[in-house]
Amino acid sequence: MALFPASHVVVVGGGLAGMVVANQVLERGGRVLVLEKAPFCGGNSAKATAGINFPREKDDSEACFKDDTLGAGETNGELANLLCGFGGDSGPGSVLVSQRPDLTNWPTANTEHSAGDALKLGEQAGAQTLDLEWVHLHPTGLVQEDDATAKRKVLAGESFRLAGGLLLNGSGDRFCNELGPAEHIVAEMQKNPGPFRLCLNTAATRELQWQCRSHISRRLMKCYASGRDLAEDMKIPLRKLIDVHDAHAEAFRNTLRAAEAGPWPCLNGRRSWDETSGKTGYGKCDFKHVLVGSRVADEPFHVAQVTPVILYCSGGIKINARAEVLKNDGTPVPGLYAAGESTGGIHGKRALAGNLLLDCLVFGRLAAKSACKYIFGEDDEFRPCPSQASERQQEKGHF
């Protein structure tokens, strides 16, 4: 969030959105002061692993991107369209406690500095907030071996499950579609016995070598020389692991070979051959690095114990398409703009994976552009002597 006194842009928060605002204001010849209570910049943006979405090819059109975004959030609106063309505060005055008291004792993947400061400052300035109850949970927060009850967890992002990682309950069974929506996986975790484990075979581990090495060094993940060792540590029969992998591999084979659609409902109108996930209503149709049961006994595994964590809130300060902060009556708060995690109304109930960082880039640029216009005047009559960089950017048509 950014407040704008005199000729300086004051950026509150040094996450990606704040850095985008600061950069863009400097590019436009403005002066910037960044306020960040942590000893470093980056915020929760520095932890993000889902990447940044954009339409990749001509066939992957902007319209398809909009449909995916609106479908994930179960919403529609001007801000979501514009995007395609954000829980660790539980102390006194906590936004989380006031909006979702049921989640007060849940662990979080947010930094200790994330306490809803921008929301509180915005409300003091008269900003309207919306959808603060839409707190998003992520299923795979990593449990540290020697500090299992720690409030803050490191996140194992979607990339681990996209690489073929399987989620097992305390009995050694799969219980969900590992690639399904986060709320689906969290809901199924609440129905099953823990502890829950994220298991990567050799091929999946090879795809995420750096991340696995990092997690092992921090005692967030274990390397097992074989499936036998893993079964022994889990206190389950080896046969259980073999059967689970065989059933998963059979679903994969049927998906490839079967002429007809599978018997179980899947996402996007598809049909699944995976009985385990199919029974939950979210049948699995996409597979990667599938391991057959005959190889499980001697296969090395990288395994992490995981638990659901608070990730972000889809709600926040209400803004318009110029990133202006709006009052309850719909009029802008003069000189106040917001972007990134502090805002709401862009993603709906949940953000499509890869859209949160895009949000910071798009609305960070818009906030900077609007702030400079507010400070410099409609005709730049109050602009300080423009920098050479600003002049070059203007010549290139970047404004």
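Because the structure is a prediction, the values reported are computed rather than measured.

Helices and strands together make up the secondary structure of the protein chain, namely 14 helices and 16 strands. Counting over 399 residues, the protein chain shows a buried share of 48%. Carbon and sulfur atoms make up 51% of the accessible area of the protein chain, which amounts to about 18900 Å² in all.

Quick look at unusual backbone geometry now. Note the cis peptide between Gly-194 and Pro-195, where omega equals -5°. Despite not being glycine, Lys-235 shows a phi value in the positive range, around 60°. Mapped onto the elements of the fold, Lys-235 is located in the loop between α10 (227–234) and α11 (238–257). Unusually for a residue other than glycine, His-289 sits at a positive phi of about 50°. Along the chain, His-289 turns up in the loop between α12 (275–278) and β12 (301–313).

A few words now on the packing of aromatic side chains. Counted according to the given criterion, the structure contains 3 aromatic pairs. Ring geometry for Phe-175 against Phe-196: centres 5.3 Å apart, planes inclined by 55°, an arrangement best described as tilted. A residue pair is termed long-range when its members are at least 10 positions apart, and Phe-175 in the loop between β7 (166–168) and α7 (182–191) and Phe-196 in strand β8 (residues 196–200) qualify at 21 residues. Relative to Phe-287, the ring of Phe-252 has its centre 5.6 Å away and its plane inclined at 50°; by these criteria the two rings are tilted. On the criterion of sequence distance, the pair formed by Phe-252 in helix α11 and Phe-287 in the loop between α12 and β12 is long-range, its members being 35 residues apart. When its relative accessible area of 26% is taken as the criterion, Phe-252 is described as partly exposed.

Taken residue by residue, helix α9 (residues 209–217) has Cys-212, Ser-214 and His-215 as its buried positions. Projected down its long axis, α9 shows its buried positions confined to an angular sector of 160°, all on one face. Turned more than 90 degrees away from the buried face of α9, the exposed residues are Trp-210, Arg-213 and Ser-217. On the buried face of α9, the contacting elements are β5 (135–142), β6 (154–155), α6 (158–162), β8, α8 (202–207) and β12.

A separate point is the side chain of His-302. Considering the arrangement of structural elements, one finds His-302 in strand β12. Beyond its immediate sequence surroundings of up to four residues, His-302 is in contact with Leu-198, Cys-199, Leu-200, Thr-205, Cys-212, Ile-216, Met-221, Lys-222 and Cys-223.

This part is about the pattern of salt bridges. Taken as a whole, this structure holds 17 salt bridges when the rule is applied. Across the pair Lys-284 and Glu-178 runs a salt bridge, and its minimum N-O distance is 3.0 Å. You can see Lys-284 sitting in the loop between α12 and β12 and its partner Glu-178 sitting in the loop between β7 and α7, a full 106 residues away along the chain. Ionic pairing is found between Glu-207 and Lys-288, a salt bridge with its closest N-O pair at 3.1 Å. Of this pair, Glu-207 sits in helix α8 while Lys-288 sits in the loop between α12 and β12, placing them 81 residues apart in sequence. One connected set of salt bridges, linked through shared partners, spans Arg-174, Glu-178, Asp-274 and Lys-284.

Here we come to the environment of Asp-147. Of note, Asp-147 is situated in the loop between β5 and β6. By relative accessible area, Asp-147 is classed as partly exposed at 34%. On a C-alpha basis, the gap between Asp-147 and Leu-220 in space is 9.8 Å, while along the polypeptide they are 73 residues apart.

The subject of this paragraph is the pairing of β5. The buried count for β5 comes to 8 of 8 residues, which makes it a mostly enclosed element. In the sheet, β5 pairs with β12 via 6 bridges, with the strands oriented antiparallel. Paired with His-136 across the two strands is Tyr-312, which belongs to β12. In this structure, β5 lies alongside β6, joined through 2 bridges in antiparallel fashion. Each residue of the ladder has a partner; that of Gly-141, found in β6, is Leu-155.

The next subject is the sheet that holds strand β16 (residues 343–344). What the 3 strands build is an open sheet, ordered β4-β13-β16; its pairing is mixed. Of all strands in the sheet, those bounded by a partner on one side alone are β4 (129–130) and β16. In this sheet, β16 lies alongside strand β13 (residues 316–318) in parallel orientation, the contact comprising 2 bridges. Pairing of Ile-317 across the sheet is with Thr-343, part of β16.

Here we come to helix α5 (residues 117–124). Ala-118, Leu-119 and Gly-122 are the residues of α5 that are buried. Along the axis of α5, the buried residues cluster in a sector spanning 100°; they form a single face. In this structure, the buried side of α5 is in contact with α4 (95–99) and β13. Gly-126 sits one or two residues past α5 and shows a positive phi near 100°.

Grouped together as the largest cluster of nonpolar side chains are 24 residues, with contacts concentrated most on Leu-119, Leu-132, Tyr-312, Ile-317, Ile-319, Val-325 and Phe-363. Of all the secondary-structure elements, those providing two or more residues to this core are β12, β15 (332–337) and α13 (355–376). Excluding its chain neighbours within four sequence positions, the residues that come into contact with Val-325 are Ala-127, Ile-317, Lys-318, Ile-319, Thr-331, Pro-332, Val-333, Leu-336, Tyr-337 and Ala-338. By size, the runner-up hydrophobic cluster in this structure holds 19 residues, among which are Leu-208, Cys-212, Met-221 and Ala-304.

About the cut-offs
Counting starts from 1 at the beginning of each chain's written sequence and moves along it residue by residue. Selection of residues for local features in this predicted model requires a pLDDT of at least 70, selection of side-chain atom pairs for listing and counting requires 80 or more, and totals for whole chains, interfaces and linings are taken over all residues. Water and hydrogen atoms play no part in the side-chain values, which are based on all heavy atoms of the structure. Where helices and strands are cited, they refer to DSSP runs of H or I of at least four residues and of E of at least two residues respectively, numbered from the N terminus. Categorising residues by exposure relies on relative accessible area from a 1.4 Å probe, with only protein chains included: less than 20% of the type maximum marks a residue as buried, more than 50% marks it as exposed, and the intermediate range marks it as partly exposed. All accessible areas in this document rest on Shrake-Rupley with a 1.4 Å probe, and a residue is counted as covered only by the protein chains that are shown. In summary, the pairing rule links any two rings of Phe, Tyr or Trp, Trp by its six-membered ring, whose centres are within 6.5 Å, and it sorts them by plane angle into stacked for under 30 degrees, edge-to-face for over 60 and tilted for everything else. Read the arc as the range of directions from the helix axis to the C-beta atoms. The criterion used for residue contact is that any of the two residues' heavy atoms lie within 4.5 Å. The rule for a salt bridge is simple: a side-chain nitrogen of Lys or Arg has to be within 4 Å of a carboxyl oxygen of Asp or Glu. Between any two strands, at least two bridges found by DSSP are needed for them to pair. To qualify as a nonpolar core, a set must consist of buried Ala, Val, Leu, Ile, Met, Phe, Trp, Tyr and Cys residues joined through side-chain atoms within 4.5 Å.

Scope: geometric values only; no functional claims are made or implied.
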